[in-house]
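Okay, here's what each chain looks like letter by letter:
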Amino acid sequence: MLRLILAMNMTELTGAVSGPSTDVAAAVDNVTLFLHIVSGLMLALVTGLMLYFVVRYHRSRHPKAVEVKSNVWLEVTWTVIPTILVMAMFWYGYEGFRMLRDVPDDAMTVKVTARMWNWTFEYENGKSTQELYVPVDKPVKLLMRSVDVIHSFYVPAFRLKEDVVPGSESMAWFKANSVGQTDIFCAEYCGEAHAYMLSRVVVLDSDEFDQWMESELPTPDPEAAAALAIMDAHDCTGCHSLSGSHNPDAPSLKGIFRRETLVERDGKEVKFLADEEYLIRSIRDPGAELVKGYAPTMDAPEDMSDEDLGVVIEYLKRVE
Ligand code: CUA
């Protein structure tokens with residue numbers, strides 16, 4: 001019976017939506033289940049004996065207390081059995097931990113960069129994405145860095161969680177065992193938009209993955225690079241996402257040009273398509289016509305030259 005329960009996967013028990021998983025996830029679930037079962041049995045045993053003794057040795061039945069001398073066998077039993085149980089917990093947990101740290105030699109490396117508030121994944125051929133693409137049944141080794149504060153790379157379906165600490169490189173690996181998608185979260189509170197620091201692992205079959213790797217290699221884009229450098233320098237991207245991910249403090253810049261925009265003008269709500277003038281006005285005087293639903297938290301960027309502003313606007317026109 002115990003083996004049967006252990007062989008089952010926690011996802012099956014909880015009936016969670018099936019998606020890609022890993023062998024490590026199954027191992028982690030088994031350890032968790034084992035700990036729960038042992039703890040449950042111990043709780044039942046201790047509580048049961050306690051209740052039994054309360055009744056059995058109640059003063060009304062047992063008016064005179066007897067002094068109990070030591071009992072070697074009893075003491076040996078209650079020392080040896082818990083020792084075995086605790087060693088089993090250790091062994092089981094240690095085996096799982098070793099799986100987490102021993103990266104297979106044929107692993108493919110992906111560099112992960114965490115920042116407030118998104119993830120970037122860079123592949124061996126220089127391709128870079130905001131979502132993690134991996135082939136099925138292939139170990140993937142993640143080398144992770146943070147450019148600002150402590151984040152934590154968390155894929156619940158893989159039972160994989162590793163802190164990403166500025167100034168050091170952390171490592172994690174996984175091997176997805178089926179095609180599909182699953183969520184990536186940040187599991188370390190890293191500021192206002194921490195809860196929106198979301199991404200996905202997309203598991204493709206190996207042919208599809210190879211095709212994907214070959215396709216749409218990043219073409220050098222000096223204009224975009226220049227605009228991003230200016231926006232980073234003025235900390236625009238700290239609040240405005242470029243990926244379209246939601247941040248409660250600032251609208252995403254993805255597709256902002258010609259986006260239907262609702263603002264308040266002279267106490268009335270006005271709806272229009274964001275044009276170049278509106279974008280310029282929103283940068284030079286951010287509080288003037290706020291997009292509905294946002295607070296006036298932005299300051300006009302200091303000393304942004306008209307030339308730099310032009311570069312940024314041209315870039316914004318094409319972030320889709
Ligand atoms: Cu990054 Cu929380």
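Residues numbered from 1 in each chain as written. Predicted model: local features only at pLDDT ≥ 70, side-chain atom pairs only at ≥ 80, totals over all residues. Heavy atoms only, no water.

Participant: Which residues make up the sheet that holds strand 10 (residues 199-204), and what are the values?
Facilitator: Sheets are built from strands paired through backbone hydrogen bonds, the pairs being either parallel or antiparallel. The five strands lie next to each other as 4-10-9-6-7, forming an open sheet whose pairing is mixed. At either margin of the open sheet sits one strand with a lone partner, and together these are strand 4 (132-135) and strand 7 (160-164). Averaged over all pairs of adjacent strands, the angle between strand axes in this sheet comes to 20°, irrespective of strand direction. Note that strand 9 (residues 180-186) and strand 10 share five bridges and pair antiparallel. Following the sheet pairing, Gln181 is matched in strand 10 by Val202. Helix 5 (residues 206-214) contacts strand 4 and strand 10 of the sheet and is inclined by roughly 135° relative to strand 4. (Pairing = 2+ DSSP bridges. Helix = DSSP H or I, 4+ residues; strand = E, 2+ residues; numbered from the N terminus. Axes fitted to C-alpha atoms, helices over the stretch in contact; angles between N-to-C directions. Contact = heavy atoms within 4.5 Å.)

Participant: For the environment of Leu100, give the residues involved together with the corresponding values.
Facilitator: Tracing the sequence through the fold places Leu100 in helix 4 (residues 72-101). Residues Leu100 and Val24, 76 residues apart in the sequence, show an inter-C-alpha distance of 6.9 Å. If we ignore the near neighbours within four places in the chain, the residues touching Leu100 are Val24 and Trp173.

Participant: Run through the domain arrangement of the protein, naming residues and quoting values.
Facilitator: One frequent convention defines the size of an interface as the accessible area lost when the parts assemble. Once the domains are mapped, the protein shows domain 1 (20-101), domain 2 (108-215) and domain 3 (222-316). A separation of 39 Å is found between the C-alpha centroids of domain 1 and domain 2. Taken together, the contacts link 11 residues of domain 1 with 16 residues of domain 2. When domain 1 packs against domain 2, close to 1100 Å² is buried across both sides, 50% of that on carbon and sulfur atoms. (Domains from an automatic or database assignment. Buried area = accessible area lost by both parts, 1.4 Å probe.)

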